[in-house]
Amino acid sequence: MRIQIASDLHHEAAGPGVLREPLPLASGPELLILAGDIHAGTSAVDLYGSYPVPVVYVHGNHEFYSNAYPDLLASLKESALGTSVLFLDCDACTVGDIRILGACMWTDYTLQEGRTDKAMETARTALTDYKAIRHGSGKRTLQPEDIVMYHREAAEWLERQLVTPFSGKTVVVTHHAPSIRSLPEVDRDHPLAPAYAADLERLIAMADIWVHGDVHTSADYSVGKCRVICNPRGRPGRNRKDPAVPYENAGFNPAMIVDL
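We now turn to the structure provided with this report. (Residues numbered from 1 in each chain as written. Predicted model: local features only at pLDDT ≥ 70, side-chain atom pairs only at ≥ 80, totals over all residues. Heavy atoms only, no water.)

### Side note on the overall build of the protein
- Across its full length, the protein carries six helices and 13 strands.
- Compactness check: the protein gives a C-alpha radius of gyration of 17 Å against a globular reference of 18 Å for 260 residues, within 12% of the reference.
- Once the C-alpha set of the protein is aligned to its principal axes, its extents read approximately 45 × 45 × 40 Å.
- Across the protein, the mean location of the 24 positive side-chain charges is 2 Å away from that of the 33 negative side-chain charges. (Helix = DSSP H or I, 4+ residues; strand = E, 2+ residues; numbered from the N terminus. Rg over C-alpha atoms; globule rule 2.2 N^0.38 Å. Lys, Arg positive; Asp, Glu negative; His and termini not counted. Charge placed at Lys NZ, Arg CZ, Asp CG, Glu CD.)

Right, dumping it as C-alpha cells:
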C-alpha cells in the first residue's frame, strides 16, 4: 500500500492561498495520514472530507485552542462520519491488510530522568496549551497533570492493541513523538523537550511504521523493525533560515510516500 504522510499543516494559521488549501495528492497514494495540528476545531474534517483517498486523521494540541478537551472529540468523530476522514482517538481501523492504531498520545514529562516535576512546571508556564485549552465543562484550563493522565490511558490502550495478534502490517499514528530520537540533537536536553516526546521505544518495536507530528523538524529512523517518520510542514512564515520557504520546516516533503 502506498501511504502519503504529513503533519502540522497548520491550515488555521495560513492566509488565503495554497497553504490554506488541502494538501495536494501525491503520485498514486491509496491513503493519506495526517498526524495532528492540521486545522482549528473540526475544520480539518471539513477541508479533507471529500478527499479522493481515505484520510486517517489524529488530532494534535492546536485543534483544541479556544476549545475544551476532551469535549471537542465528540464533534470531531461526529463530523467525520460519512466523509473521507477516518478520525482516530484511541481507535483502530483496518485499510486493506493494514491495521492502523491512532491516538494523540500527549506526553508524560518523564523523557529526561529526574526532571519530571521541573519539566511540568516549565511547560505549565511556557506552553500556550495550558492557557488556550479549556478542560472539560469547567472554567479551568488544561494542565500538565491532565495530560499525563491522558497519555497513560493512551499508552495502555496502544499496548493492548499491539499485543493483540494481527496477520498484516501495523501502522501507529500519534501526534506527540514516541522517542527522544525524534528531536533534533541540539534540543534533546532542552527543558521543554519532555513536552514534545515520551519514551515509548518498547512499543515502537512492536509496530511496522510509526507516524507522528508535533516536532516541527523532519525525522526518519528505525527502532528494531519499525520505521518512525515525522514529516511536518510547520506554521506559515516561520522559516527563519530561508524566508523563501513559506512554512517553518524547509525539510517538509508535501509528496512523501511510504510503501508498505
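More follows now that the structure is in view.
### Examining the sheet that holds strand 9 (residues 169-174)
- Strand order in the open sheet formed by six strands is 6-7-9-10-12-11, with mixed pairing between adjacent strands. Either end of the sheet is taken by a strand with one partner, and the two such strands are strand 6 (91-95) and strand 11 (219-223). Mean inter-strand twist for the sheet, computed between neighbouring axes without regard to direction, equals 20 degrees.
- Here three bridges tie strand 9 to strand 10 (residues 209-212), and the two strands are oriented parallel to one another. What sits directly across from Val173, in strand 10, is Val211. (Pairing = 2+ DSSP bridges. Axes fitted to C-alpha atoms, helices over the stretch in contact; angles between N-to-C directions.)

### A short note on the pattern of salt bridges
- Within this structure, the stated rule accounts for 11 salt bridges.
- Two residues, Glu121 and Arg124, come together in a salt bridge whose shortest N-O distance is 2.7 Å. Of this pair, Glu121 and Arg124 both sit in helix 3 (residues 116-126), separated by three residues, roughly a single helical turn.
- Across the pair Arg181 and Glu201 runs a salt bridge whose closest N-O atoms are separated by 3.0 Å. Taken as a pair, Arg181 in the loop between strand 9 and helix 6 (201-204) and Glu201 in helix 6 lie far apart in primary sequence, 20 residues in all.
- Its relative accessible area of 21% is what places Glu201 among the partly exposed residues.
- Taken together, the shared-partner salt bridges in this structure form one network comprising Glu121, Arg124 and Glu145. (Salt bridge = Lys/Arg side-chain N within 4 Å of Asp/Glu carboxyl O. Buried < 20%, exposed > 50% of the residue type's maximum accessible area, 1.4 Å probe, protein only.)

### Observations concerning the layout of surface pockets
- Of the voids in this model, the largest pocket is the one considered here, and its volume is about 1,000 Å³.
- Along its surface, the largest pocket is lined by 36 residues, and Asp187, Tyr196, His216, Arg235 and Glu248 are the ones closest to its centre.
- Partitioned by chemical class, the residues of the lining of the largest pocket number 16 nonpolar, 11 polar and nine charged. (1 Å grid on protein atoms, 1.4 Å probe; cavity = no way out; pocket = protein on both sides within 12 Å on 5 of 7 lines; lining within 4 Å. Points joined across faces, edges and corners; volume = space filled by probe spheres on them. Nonpolar A, V, L, I, M, F, W, Y, C, P; charged D, E, K, R; others polar.)

### Let's talk about the pairing of strand 11
- Of the two faces of strand 11, only the one carrying Ala219, Tyr221 and Val223 is buried; Asp220 and Ser222 on the other face are not.
- Taken together, the five bridges between strand 11 and strand 12 (residues 226-230) define a ladder with antiparallel strand orientation. Bridged to Ala219 within strand 12 is Cys230.
- Counted between consecutive antiparallel strands, the loop separating strand 11 from strand 12 contains two residues, among which Gly224 sits at a positive phi close to 60 degrees.

### Some words on the sheet that holds strand 5 (residues 85-87)
- With respect to topology, five strands assemble into an open sheet ordered 5-3-2-1-13, the strand pairing being mixed. What marks the edges here is a single partner per strand, and that holds for strand 5 and strand 13 (257-259). Averaged over all neighbouring strand pairs, the angle between strand axes comes to 25 degrees, with direction disregarded.
- Strands in contact with helix 2 (residues 72-80) are strand 3 (55-57) and strand 5; relative to strand 5, the strand with the most contacts, it is inclined by about 150 degrees. (Contact = heavy atoms within 4.5 Å.)

### As for the environment of Thr170
- With respect to the helices and strands, Thr170 occurs in strand 9.
- Distance from Thr170 to Ile98, taken between C-alpha atoms, is 5.8 Å for residues 72 residues apart in sequence.
- Contacts of Thr170, omitting those with residues within four sequence positions, involve Arg99, Leu101, Leu162, Ala207, Asp208 and Ile209.

### Digging into the nonpolar core
- Counting residues in each nonpolar core, the largest one holds 42 residues, and the members touching the most others are Leu34, Tyr48, Tyr57 and Tyr109.
- Looking at this core, the elements with two or more residues in it are strand 2 (31-34), helix 1 (43-48), strand 3, helix 2, strand 5, helix 3 and helix 5 (144-162).
- Broken down by element, this core gets its largest block of residues, four residues, from helix 2.
- Each residue touching Tyr57, except ones within four places of it in the same chain, is listed here: Leu34, Ile38, His39, Gly41, Ala44, Val45, Glu63, Leu76, Val85, Leu86, Phe87 and Leu88.
- Counting residues in each nonpolar core, the second largest holds 21 residues, with Ala103, Ala155, Ala198 and Cys226 among its members. (Core = buried A, V, L, I, M, F, W, Y, C linked by side-chain atoms within 4.5 Å.)

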